[in-house]
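Here are the chains, one letter per residue:
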Amino acid sequence: MWHRGQRIWQALFPDIRFHHVRSREPVFLLVFWLLVLWWDANGWLLISLIVSVLHELGHICMYYLLTGECPDVSIGFSGICMYTQRKWLSRRKELLITAAGPFTNGMLAYIGWLLMQQNATFLRLGWVWANILIGLFNLLPIPPLDGWHMLYLLLKKQ
(Lines give C-alpha, C1' and ligand atoms only; values in the text may rest on other atoms or scores of the structure.)
Protein backbone atom coordinates (compact mmCIF):
# COMPACT_ATOMS: atom_id res chain seq x y z
CA MET A 1 0.00 0.00 0.00
CA TRP A 2 2.78 2.42 0.90
CA HIS A 3 4.55 1.92 -2.43
CA ARG A 4 1.40 2.78 -4.38
CA GLY A 5 0.92 5.97 -2.33
CA GLN A 6 4.58 6.84 -2.80
CA ARG A 7 4.29 6.39 -6.58
CA ILE A 8 1.17 8.59 -6.68
CA TRP A 9 2.97 11.25 -4.61
CA GLN A 10 5.96 11.19 -6.97
CA ALA A 11 3.68 11.39 -9.99
CA LEU A 12 1.85 14.43 -8.60
CA PHE A 13 4.95 16.19 -7.21
CA PRO A 14 8.02 15.02 -9.13
CA ASP A 15 11.53 16.11 -8.23
CA ILE A 16 12.97 18.68 -10.59
CA ARG A 17 16.52 18.19 -11.84
CA PHE A 18 18.52 20.80 -13.73
CA HIS A 19 22.10 19.77 -14.49
CA HIS A 20 23.67 19.18 -11.06
CA VAL A 21 20.82 20.71 -9.01
CA ARG A 22 17.89 18.62 -7.80
CA SER A 23 14.90 20.09 -6.02
CA ARG A 24 12.93 17.80 -3.75
CA GLU A 25 9.21 18.57 -3.42
CA PRO A 26 9.61 21.83 -5.37
CA VAL A 27 5.91 22.74 -5.31
CA PHE A 28 5.64 22.56 -1.52
CA LEU A 29 9.00 24.26 -1.07
CA LEU A 30 8.00 27.14 -3.34
CA VAL A 31 4.60 27.57 -1.68
CA PHE A 32 6.20 27.44 1.79
CA TRP A 33 8.79 30.13 0.99
CA LEU A 34 6.23 32.33 -0.76
CA LEU A 35 3.99 32.21 2.33
CA VAL A 36 6.90 32.82 4.70
CA LEU A 37 8.20 35.75 2.67
CA TRP A 38 4.67 37.15 2.29
CA TRP A 39 4.44 37.62 6.06
CA ASP A 40 8.05 38.77 6.42
CA ALA A 41 7.31 42.46 6.91
CA ASN A 42 10.81 43.49 8.00
CA GLY A 43 12.73 41.38 5.50
CA TRP A 44 14.73 39.51 8.16
CA LEU A 45 13.72 36.09 6.85
CA LEU A 46 14.65 37.07 3.31
CA ILE A 47 18.06 38.25 4.51
CA SER A 48 18.55 34.98 6.42
CA LEU A 49 17.56 32.95 3.37
CA ILE A 50 19.99 34.83 1.13
CA VAL A 51 22.79 34.50 3.68
CA SER A 52 22.16 30.75 4.02
CA VAL A 53 22.26 30.26 0.26
CA LEU A 54 25.52 32.25 0.03
CA HIS A 55 26.97 30.08 2.83
CA GLU A 56 26.25 26.96 0.79
CA LEU A 57 27.57 28.60 -2.37
CA GLY A 58 30.84 29.11 -0.50
CA HIS A 59 31.12 25.33 -0.05
CA ILE A 60 30.15 24.68 -3.68
CA CYS A 61 32.60 27.22 -5.11
CA MET A 62 35.47 25.87 -3.02
CA TYR A 63 34.66 22.32 -4.16
CA TYR A 64 34.69 23.49 -7.76
CA LEU A 65 37.99 25.36 -7.30
CA LEU A 66 39.69 22.34 -5.73
CA THR A 67 38.32 19.59 -7.99
CA GLY A 68 37.27 21.30 -11.22
CA GLU A 69 33.90 19.55 -11.07
CA CYS A 70 30.45 20.67 -10.02
CA PRO A 71 28.99 18.74 -7.09
CA ASP A 72 25.42 17.47 -7.08
CA VAL A 73 23.20 19.77 -5.05
CA SER A 74 19.86 18.86 -3.48
CA ILE A 75 17.44 21.57 -2.33
CA GLY A 76 14.64 20.62 0.06
CA PHE A 77 12.99 21.46 3.35
CA SER A 78 16.09 20.34 5.27
CA GLY A 79 18.20 22.89 3.40
CA ILE A 80 20.79 22.66 0.68
CA CYS A 81 22.97 19.55 0.59
CA MET A 82 26.08 19.03 -1.53
CA TYR A 83 27.03 15.55 -2.71
CA THR A 84 30.57 14.84 -3.89
CA GLN A 85 29.66 11.80 -6.02
CA ARG A 86 31.77 9.57 -3.73
CA LYS A 87 34.90 11.31 -4.91
CA TRP A 88 37.91 10.78 -2.66
CA LEU A 89 39.26 14.07 -1.29
CA SER A 90 42.35 14.62 0.82
CA ARG A 91 41.84 15.77 4.40
CA ARG A 92 43.19 19.22 3.50
CA LYS A 93 40.75 19.65 0.60
CA GLU A 94 37.82 18.41 2.65
CA LEU A 95 38.73 20.79 5.48
CA LEU A 96 38.97 23.72 3.05
CA ILE A 97 35.59 22.88 1.53
CA THR A 98 34.00 22.59 4.97
CA ALA A 99 35.51 25.85 6.23
CA ALA A 100 34.50 27.75 3.08
CA GLY A 101 30.89 28.26 4.25
CA PRO A 102 31.66 29.94 7.60
CA PHE A 103 34.54 31.84 5.93
CA THR A 104 32.08 33.18 3.34
CA ASN A 105 29.79 34.36 6.14
CA GLY A 106 32.73 36.03 7.87
CA MET A 107 33.76 37.87 4.72
CA LEU A 108 30.17 38.96 3.98
CA ALA A 109 29.76 40.20 7.57
CA TYR A 110 33.02 42.16 7.28
CA ILE A 111 31.91 43.74 3.98
CA GLY A 112 28.58 44.66 5.56
CA TRP A 113 30.38 46.17 8.55
CA LEU A 114 32.58 48.24 6.22
CA LEU A 115 29.48 49.51 4.43
CA MET A 116 27.91 50.38 7.79
CA GLN A 117 30.85 52.69 8.50
CA GLN A 118 29.72 54.84 5.58
CA ASN A 119 25.97 54.65 6.08
CA ALA A 120 24.44 52.55 8.85
CA THR A 121 20.97 51.17 8.13
CA PHE A 122 18.86 48.46 9.74
CA LEU A 123 19.18 46.42 6.56
CA ARG A 124 22.97 46.46 6.74
CA LEU A 125 22.89 45.71 10.45
CA GLY A 126 20.60 42.74 9.75
CA TRP A 127 22.98 41.59 7.01
CA VAL A 128 25.98 41.70 9.36
CA TRP A 129 24.19 39.90 12.20
CA ALA A 130 22.65 37.26 9.94
CA ASN A 131 26.10 36.41 8.56
CA ILE A 132 27.66 36.31 12.02
CA LEU A 133 24.90 34.14 13.48
CA ILE A 134 24.71 31.67 10.59
CA GLY A 135 28.51 31.42 10.40
CA LEU A 136 28.88 30.83 14.15
CA PHE A 137 25.92 28.44 14.26
CA ASN A 138 27.52 26.31 11.55
CA LEU A 139 30.75 26.17 13.56
CA LEU A 140 29.03 24.36 16.45
CA PRO A 141 30.42 20.82 16.85
CA ILE A 142 27.02 19.17 16.33
CA PRO A 143 26.38 16.74 13.47
CA PRO A 144 25.72 17.52 10.59
CA LEU A 145 27.03 21.10 10.96
CA ASP A 146 30.36 22.30 9.58
CA GLY A 147 31.98 22.51 13.02
CA TRP A 148 31.38 18.80 13.60
CA HIS A 149 32.83 17.88 10.22
CA MET A 150 35.92 20.05 10.80
CA LEU A 151 36.44 18.58 14.28
CA TYR A 152 36.07 15.06 12.84
CA LEU A 153 38.62 15.81 10.10
CA LEU A 154 41.10 17.26 12.58
CA LEU A 155 40.80 14.35 15.03
CA LYS A 156 40.60 11.56 12.43
CA LYS A 157 43.59 9.25 12.12
CA GLN A 158 45.39 8.97 8.81
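For the structure, check the block above.
Remember, predicted model here, so these are calculated numbers, not experimental data.

**A few points about a nonpolar patch on the surface**
Together, Val27, Val31, Leu35, Trp38 and Trp39 line one region of the surface with nonpolar side chains, adding up to about 610 Å² of accessible area. Following the sequence through the fold, Leu35 ends up in helix α2 (residues 26–38). Take Leu35: its relative accessible area is 43%, and that puts it in the partly exposed class.

**Some words on helix α6 (residues 146–155)**
Within the span of α6, buried status applies to Asp146, Gly147, Met150 and Leu153. The buried residues of α6 occupy one face: seen down the axis, they fall within an arc of 130 degrees. Contact partners of the buried residues in α6: α3 (44–67), α4 (91–118) and α5 (122–138).

**Let's talk about the side chain of Thr67**
Inspection of the secondary structure assignment puts Thr67 in helix α3. For Thr67, the side chain forms a polar contact with the main-chain nitrogen of Glu69, separated by 3.3 Å. Setting aside residues up to four positions removed in sequence, Thr67 forms contacts with Lys87 and Leu89.

Conventions we followed
Residues numbered from 1 in each chain as written. Predicted model: local features only at pLDDT ≥ 70, side-chain atom pairs only at ≥ 80, totals over all residues. Heavy atoms only, no water. Patch = residues over 30% accessible without salt bridge, like charges linked within 9 Å, V, L, I, M, F, W, Y side chains within 5 Å. Areas by Shrake-Rupley, 256 points an atom, 1.4 Å probe, with all protein chains shown as cover. Salt bridge = Lys/Arg side-chain N within 4 Å of Asp/Glu carboxyl O. Helix = DSSP H or I, 4+ residues; strand = E, 2+ residues; numbered from the N terminus. Buried < 20%, exposed > 50% of the residue type's maximum accessible area, 1.4 Å probe, protein only. Arc of directions from axis to C-beta. Contact = heavy atoms within 4.5 Å. Polar contact = N/O pair within 3.5 Å; in protein donor to acceptor, adjacent residues only side chain to side chain.

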